[in-house]
Amino acid sequence: MSRRGRVTVGVLVGVFILFTLLGWGIDAYTDYLWFDEVKKTSVFSGVLVTRLVLFLVVGAAMTLIVAGNLYLAYRLRPLLRPHSNEQVTLERYRMILAPRLGTWIAVTGLVIGFFAGLSAQSRWGDWMLFRNGGDFGVKDPEFNVDISFYVFEYPLWRYVLGLAFTAVVLSVIGSLAVHYIFGGVRLQGVGDRMTTAARAHLTSLVAIFVLLKAVAYVLDRRALLLEQHVSPGLYGAGYTDVNALLPAKEILAYISVVVAIAIIVFSNAVMRNLVWPGVSLALLAISAVAIGGIYPLAVQNFQVKPSLLDKEQKYIERSIEATRTAFGLENTEVTQLPAGSGRPPETLPSDTSAQNVRLIDPQIVSQAFTQSQQSRGFYDFGDKLDVDRYTVDGKTQDYVVGAREIDDSKLTALQRNWLNRHTVYTHGYGLVAAPANEFCGTGLPYFASGLIGNEGGQNTGDCITPTAALEAEQPRIYYGEKSTEYAIVGQVDSGKNVEFDRPQSSQGGEVYYTYSGEGGVDIGSFFRRMVFAIKNTESNFLLSDAVNANSKLMYIREPRERVAKVAPFLTVDGDPYPAVVDGRIKWIIDGYTTAKTYPYAQKINLATETKDELTGTGSFALARDDVNYMRNSVKATVDAYDGTVTLYEFDDKDPVLKAWNKSFGGDLIVPKDQIPQSLTDHFRYPADMFKVQRNLLTKFHVTDARTFFSGEDFWQVPNAPDSPQSGFQPPYYLNVKLPDQNETRFQLTAGVTPLNRENMAALVSGSYVSGQPRLEIFELPDGKVVPGPVQVHQQMVNASNISQQLTLLNRGGQASVLYGNLISLPLGGDILYVEPVYVRSSQANAAPLLQKVLMSYGDGRYVVLEDNLQKGLEALAALGKSNAPPNTGTPSPGTNPEPGASPSAGATTTPPANQPPGQITTELSQAAAAVDKAIADLKAAQQSGDFVKQGEALKALDDAINRFQAAQQSGANTPAATASASAAPTPSG
């Protein structure tokens, strides 16, 4: 290469390195500024220093080992080499390498060391746990070793062993190449093919490799407790492993030590050739196949398989116990529900738990929140709202809550310029809450907080019940789930506020604001503006007047991202939720500590086990990590106004969390006893943890090894009732009192069905009692068949009188019926099912309105469709009080002919004795006319776009339909009535 070419290449390489280092430097500097803002620089420095030290130490060690062996091979070269064509050919390579051999060796070692260092720095977590891990206080059942060895030490020892193997293999390959080039190893010529020095060097490396293999056999014995071996499909060492593989690996470890010694002795002291070392390696390989492969296979086929249960029973028990301990299932309480009568009790309408059943579906109602409480088109509440509970006037009840945030994607084309996106539309405003089991006449929720403007938004009518207890003193949301863009705040333009705050409908204007909190990174200096201009490739940081000496930059504003950055060792729950705590809006996020090496525990994939119908729609999918230990060890909060991240210890017994906290100075996590009670009141059982535990309990509720082996009592998670193809049914939060519970609790519940069947088997509940998590299973009697969620939904919507009413709700194709979350509530040995029914107009962007409540009790024979929860409970109680069983076709006078008929329809099988047929015909005609008028009013409301009038028209249409059905059924036995009914117009709108 010419001098100009070398200079050009050098300049290009230098520019590449410069820009690479500049990018790394800017990323590190801006990361430090972010950690300094949240006052967690110990995390930044702790991780950075650990990674840097590991990179340097491991890289240097690998460089020294490889380069040292290459240099040793060169120093051991023979001074005289026998003449041969091979040596003549190699001489040209020696002439190239010899003048700069030190450089070649150094570069080779540095390249290998660089990649080894990169690999090592990614294991910073393993090193921190190795250094700071304590005891679990639990020992494995095979070796009687504390679990801490497997969780804190084993992963790093296994990695170090892998590095050692890599170093030795690369040293052997490199040394062999150097020996060959410089004549220490020859393929041609007279005499020995290898010099004494080369033989000693290479055989020593091979002996070290074999010794490392002996260490690997020792670690493999422990690894058997982490692998899937126990039948049926369980993890840990089974009968064959304990009685064949463990002894085999111990024997192989001893053989490896003997072989390593034999290689050195026979190669250099006794025979001084490679014959016997080769024989030793061959014997080791044969022993590995025979002792470590053939013998265990014979034990498995001839001893274990013929009596599989008897041989594996002990190890099945180990796996069950370890799995239940590793995932917090060991204290699960099981309650056997008594066999109920199947008939709705008379006390049903007054049952507190039944009255507390949530009607508002957080997913479906999100659009209603957005349309009725947004006031501006760029506001958004997300795809799914959240459920929390508040105490108002001494009464605790659950609320559906949502944070009003700005969605940048909804800004108009004129609004989507850099200035607006980053300096004007910087924050949302208010937490909107609505009681979870109430709705107003139009089908909208009763909005109780977060209202803006004079009327709390547009077209909300009388669906507003302002509640001071739910209002935040600081309602602004600078950090939220929609905060994906960076924001520049605190700027002052001639003393005027420039940040859009909220609309002010009473004056027809808008309120502007200037941020005054502690959040954000100061970017008043030219240097910092330049740094962020380079990082974001945005010149406006330097050119725009909106960025000045008072400006602050907010970035990484999404709550989950902030917690994950502050605590990189946590797995963050996929469903953060906002709450008003001490007058401020705070995001509450659950954090999990996990491990992959808990002996005998079942290994699960987090992404698979937490996926259901709502994953990706309002809740985030977890990473595809395989774990076999999980604890909800941290409750984290992110202040929506200033972005403060606080990590609270929730599981004060988790040794993994203690190790991480110690790794970062011991004060990263706030102790559990310092959690404010006002915050504790809003803690809820975490959704992803519950899904994992529920899924495991479908099998591991069985603690008897024989029953587990047969699989006859396994369960499964049912699919979504109204759309089985969309995935598993999500769990749901309820503020109820379940059987054998002493008080009403805010708990997460879910139903499970027998394996490959759809009837209900049990309900699983997760709640907090005295600040401690409690899992409970409510098992239904074995001899009683109760329909599961999918079955009961089909039974309810297909009941003849119910299906007719649901068809009418479709308005002849002008609207669609949507089903909310199907709640299963155990009461008196039976199950009460409650499913809200929403109607959404075909008009573009129309919000679903809650119109009816579909309810069933017991085995599915008692079904009603009513206007609200209380009427539904009363209707079910009336059906239960009836003398005739449902669906018999011979109901008593004045009762519904089928269990799904609404009592409000007033259905009877014969007209009253004092009511002539002519009067029935007249009433039927009037009812039909009322239906037509209601349809016309609905079409007019849709065309006008009036949200409130649409709800009122839907309500009027429902009343007219009920009246028409009552008149039609009353005149069913008269020819005149039948004729009139058949002539009645069919609703088309």
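Just above, that's the structure.
Residues numbered from 1 in each chain as written. Predicted model: local features only at pLDDT ≥ 70, side-chain atom pairs only at ≥ 80, totals over all residues. Heavy atoms only, no water.

Q: Describe in detail the overall build of the protein chain, supporting the description with residues and values.
A: Helix and strand content of the protein chain: 27 helices and 34 strands. Residues counted as buried form 55% of the 989 residues belonging to the protein chain. Working note: accessible area of the protein chain is about 41900 Å², and carbon and sulfur atoms make up 55% of it. (Helix = DSSP H or I, 4+ residues; strand = E, 2+ residues; numbered from the N terminus. Buried < 20%, exposed > 50% of the residue type's maximum accessible area, 1.4 Å probe, protein only. Areas by Shrake-Rupley, 256 points an atom, 1.4 Å probe, with all protein chains shown as cover.)

Q: Give a description of helix α4 (residues 101-121) that names residues and reports values.
A: Compared with an ideal rise of 1.5 Å per residue, which puts 21 residues at 30 Å, α4 spans 30 Å between its outermost C-alpha atoms and is within 8% of the ideal. Among all positions of α4, only Leu101, Ile105, Gly109, Gly113, Ala116, Gly117, Ala120 and Gln121 are buried. For α4, the arc enclosing every buried residue in end-on projection is 130°, short of the 170-degree limit, so these residues lie on one face. Facing away from the buried surface of α4 by more than 90 degrees, the exposed residues are Leu110 and Phe115. (Expected span 1.5 Å × (residues − 1). Arc of directions from axis to C-beta.)

Q: Can you lay out the sheet that holds strand β14 (residues 521-522) for me, pointing to particular residues and giving the numbers?
A: Reading across from one edge, β11-β15-β14 is the order of the three strands in this open sheet, with antiparallel pairing throughout. One side of each edge strand has no neighbouring strand; the edge strands of this open sheet are β11 (487-489) and β14. Summarising the sheet, β11 and strand β15 (residues 552-554) pair through three bridges and their orientation is antiparallel. Note that in β15 the partner of Val489 across the bridge is Lys552. (Pairing = 2+ DSSP bridges.)

Q: I'd love a proper account of the environment of Ser287, names of residues and values included.
A: Along the chain, Ser287 falls in helix α9 (residues 275-304). With 39 residues separating them in the primary sequence, Ser287 and Ala248 have C-alpha atoms 9.2 Å apart. Residue contacts for Ser287: discarding those within four places in its chain leaves Leu252, Ile255 and Gly292. (Contact = heavy atoms within 4.5 Å.)

Q: Can you tell me about the nonpolar core, naming the residues and giving the values?
A: The biggest cluster of nonpolar side chains holds 162 residues, and the ones touching the most others in it are Phe569, Leu647 and Phe664. Among the elements that make up this core, the one with the highest residue count is helix α6 (residues 147-181) (14 residues). When neighbours within four sequence positions are excluded, Leu647 is seen to be in contact with Val563, Val566, Ala567, Val634, Lys635, Ala636, Leu668, Ile669 and Val670. (Core = buried A, V, L, I, M, F, W, Y, C linked by side-chain atoms within 4.5 Å.)

Q: Tell me about the side chain of Asp590, residues and numbers included.
A: You can see Asp590 is positioned in strand β18 (residues 584-595). Within the structure, the side chain of Asp590 is placed 3.4 Å from the side chain of Asn632, a separation counted as a polar contact. (Polar contact = N/O pair within 3.5 Å; in protein donor to acceptor, adjacent residues only side chain to side chain.)

Q: Break down unusual backbone geometry for me, citing the residues and quoting the values.
A: The amide bond that connects Ser231 to the next residue, Pro232, takes the cis arrangement and shows omega of 10°. With respect to the helices and strands, Pro232 occurs in the loop between β1 (228-230) and β2 (234-235). A positive phi angle, close to 60°, is found at Lys39, a residue other than glycine. Here Lys39 is to be found in the loop between α1 (3-37) and α2 (41-75). One non-glycine residue with positive phi stands out, namely Asp393, at about 55°. Turning to its location among the elements, Asp393 is positioned in the loop between β5 (386-392) and β6 (395-403). The exposure class assigned to Asp393 is exposed, which follows from its relative accessible area of 81%.

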